[in-house]
Amino acid sequence: MTTVPSIVRPAATRVLITGASSGVGAAVARQLAAGVSQREHSQKLHLYLCGRQKDNLSSVSEECLRSAENSKLLEVVTAVGDVRWPEDVDRMWEEFGAPPVDVLVANAGINRPGPLDQVLPQDYEDVMDTNVKGVFLWLQKALPGMRSRQKGQIVVTNSVLGLKPKGGSSLYCASKYALDGLIGSLREEAREYGVKVGQVYPAGIATPWWDDPTRGGSRTESVATSKFLSADDVAAAILMLIHQAHGSDIDKIVLQPNSKM
Ligand SMILES: NC(=O)c1ccc[n+]([C@@H]2O[C@H](COP(=O)([O-])OP(=O)(O)OC[C@H]3O[C@@H](n4cnc5c(N)ncnc54)[C@H](OP(=O)(O)O)[C@@H]3O)[C@@H](O)[C@H]2O)c1
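A quick note: this is a predicted structure, and the numbers were derived from the prediction, not measured.

Focus on the sheet that holds strand 5 (residues 152–157)
- Taken together, seven strands build an open sheet; the order of strands is 3-2-1-4-5-6-9 and the sheet is parallel. Whereas interior strands pair on both sides, the edge strands pair on one side only; in this sheet they are strand 3 (74–80) and strand 9 (252–255). Averaged over all neighbouring strand pairs, the angle between strand axes comes to 15°, with direction disregarded.
- Pairing analysis gives five bridges linking strand 1 (residues 14–18) to strand 2 (residues 45–51), with the strands arranged parallel. Considered in strand 2, the bridge of Arg14 is made with His46.
- Contacts between helix 3 (residues 86–96) and the sheet are confined to strand 2 and strand 3, with strand 3 contributing the most and set at about 155° to the helix.

This is the structure in structure tokens:
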């Protein structure tokens, strides 16, 4: 007798997204919210969104609530803070009510491009603290509950520069390689207690990142982003991890733009 593989989607009802006020994180929130009406069960989706810019977070929250066809099945909670600071992460976690999150999308990140002899010690701290410590601090919030429930999904936004070095991006590459080691190790240990851990590695994405040197853009030149991935392209890959079948455990998704676009 043929066994039909289970493709029933796990009910990801509580999803916490860092860097949800812009770009990829906002697109993940919007796509999850837009999927609420397609949920075949009646469980409510709770989105916990954080970032530093309150107004942007509020706009994303409003867009999510507007796009959900059945808004009774969607709750959006926002918290403002900096992922670099443990006290901010503690406070945001408390503001969310220390929820039993099913999915953590650890996505907040920045770049400080430039030749190594020209970037500053402060740039080093900003990049490492945001891209590595910020993920670590949120993992420490989400993992204990996942471990005790023996289930959960972690999704981390890495970069192709976490797989292949590039001149002029040494701090960013160092942070994303460090993230790859952190998350790769976690993947090995978390599978022992039933938690899935995966990463997406996108090439360039057309987000506000490129417009602003405090996010990731160059201080000296503008970058043409027309042939880049869109935030929605990357969000769709993150949703593949979130909605993967019970029997699968995606490790890495590497994303390049479709050259025919
Ligand atoms: N853009 C690209 O070309 C590209 C390519 C590969 C990978 N990535 C990765 O994709 C992820 C998302 O980037 P994006 O392109 O969507 O950039 P983005 O539009 O600039 O969004 C970055 C998000 O991270 C948040 N964030 C940054 N620093 C933070 C901090 N210290 N504390 C709290 N939140 C902070 C921002 O919040 P606020 O705006 O509220 O401060 C914003 O919500 C990053 O991890 C990045 O490394 C980007």
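Moving on, there is more to tell.
Some words on the site of the ligand
- Around the ligand, a shell composed of 30 residues is seen, among which Gly19, Gly23, Gly51, Arg52 and Gly109 lie nearest.
- Of all the elements, helix 1 (residues 23–34) adds the most residues to the shell around the ligand, at three residues.
- Residues of the shell around the ligand, tallied by class, amount to ten nonpolar, 16 polar and four charged.

Side note on helix 2 (residues 54–67)
- The end-to-end C-alpha distance of helix 2 is 20 Å, a good match for the 20 Å that 14 residues give at a rise of 1.5 Å each.
- Of all the positions in helix 2, only Leu57, Val60, Ser61 and Cys64 are classed as buried. Down the axis of helix 2, the buried set is contained in an arc of 100°. They therefore lie on one face. With respect to the buried face of helix 2, the exposed residues turned more than 90 degrees away are Asp55, Glu62 and Arg66.

Here we look at the environment of Gln31
- Among the secondary structure elements, Gln31 is positioned in helix 1.
- Gln31 sits in the partly exposed class, given 18 other C-beta atoms within 10 Å.
- Residues Gln31 and Met92, spaced 61 residues apart in sequence, show a C-alpha to C-alpha distance of 23 Å.
- Leaving out residues up to four positions away in the same chain, Gln31 has contacts with Ala235, Ala236 and Leu239.

Comments concerning helix 4 (residues 121–149)
- With 29 residues, helix 4 ought to run about 42 Å at 1.5 Å a step, and its terminal C-alpha atoms sit 41 Å apart, in line with that.
- Along its length, helix 4 reaches its greatest deviation from straightness, about 40°, at Asp129.
- Those residues of helix 4 lying buried are Val127, Thr130, Asn131, Val132, Gly134, Val135, Leu137, Trp138, Leu139, Ala142, Leu143 and Met146.
- Close packing links the buried residues of helix 4 with strand 1, helix 3, strand 4 (103–106), strand 5, helix 5 (170–190) and strand 6 (195–202).
- One or two residues past the end of helix 4 sits Gln150, with phi positive at roughly 60°.

Let's talk about the nonpolar core
- The biggest cluster of nonpolar side chains holds 61 residues, and the ones touching the most others in it are Ala29, Leu47, Leu49 and Ile238.
- Counting residues per element, this core draws most heavily on helix 4, at eight residues.
- With sequence-adjacent residues up to four places away left out, Leu47 is seen in contact with Val15, Ile17, Ala29, Leu32, Ala33, Cys64 and Val76.

Points about the confidence of the model for the protein chain
- Averaged over every residue, the pLDDT of the protein chain is 92; the share at 70 or more is 93%.
- Confidence drops under a pLDDT of 50 for residues 1–10, and excluding neighbours within four residues, the segment shows eight contacts in the predicted structure.

Describing the packing of helix 1 against helix 2
- Axis separation between helix 1 and helix 2 bottoms out at 8 Å; the angle between their running directions is 20°. When the axis of helix 1 is compared with that of helix 2, the two are roughly parallel. Crossing of helix 1 against helix 2: the hand is right-handed. Across from Ala26, Ala29, Arg30, Ala33 and Ala34 in helix 1, the residues of helix 2 making contact are Val60, Glu63, Cys64 and Ser67.
- Among the residues making up the contact of helix 1 with helix 2, the classes are represented as six nonpolar, one polar and two charged.

Observations regarding the environment of Gly25
- Secondary-structure assignment places Gly25 in helix 1.
- What makes Gly25 buried here is the crowd of 29 C-beta atoms within 10 Å.
- Distance from Gly25 to Val105, taken between C-alpha atoms, is 8.0 Å for residues 80 residues apart in sequence.
- Excluding anything up to four places from it in sequence, Gly25 contacts Ile17, Thr18, Gly19, Ala20, Val105, Asn107 and Ala108.

Parameters and conventions
Residues numbered from 1 in each chain as written. Predicted model: local features only at pLDDT ≥ 70, side-chain atom pairs only at ≥ 80, totals over all residues. Pairing = 2+ DSSP bridges. Helix = DSSP H or I, 4+ residues; strand = E, 2+ residues; numbered from the N terminus. Axes fitted to C-alpha atoms, helices over the stretch in contact; angles between N-to-C directions. Contact = placed C-beta atoms within 7 Å. Near = placed C-beta within 6 Å. Nonpolar A, V, L, I, M, F, W, Y, C, P; charged D, E, K, R; others polar. Expected span 1.5 Å × (residues − 1). Buried ≥ 20, exposed ≤ 12 C-beta atoms within 10 Å, placed from the backbone. Arc of directions from axis to C-beta. Bend = angle between axes of the 7 residues up to and from the residue. Core = buried A, V, L, I, M, F, W, Y, C linked by C-beta atoms within 7 Å. pLDDT = per-residue confidence, 0-100. Parallel < 35°, antiparallel > 145°, perpendicular 65-115°, else oblique. Left-handed = near helix turned anticlockwise from the far one by under 90°.

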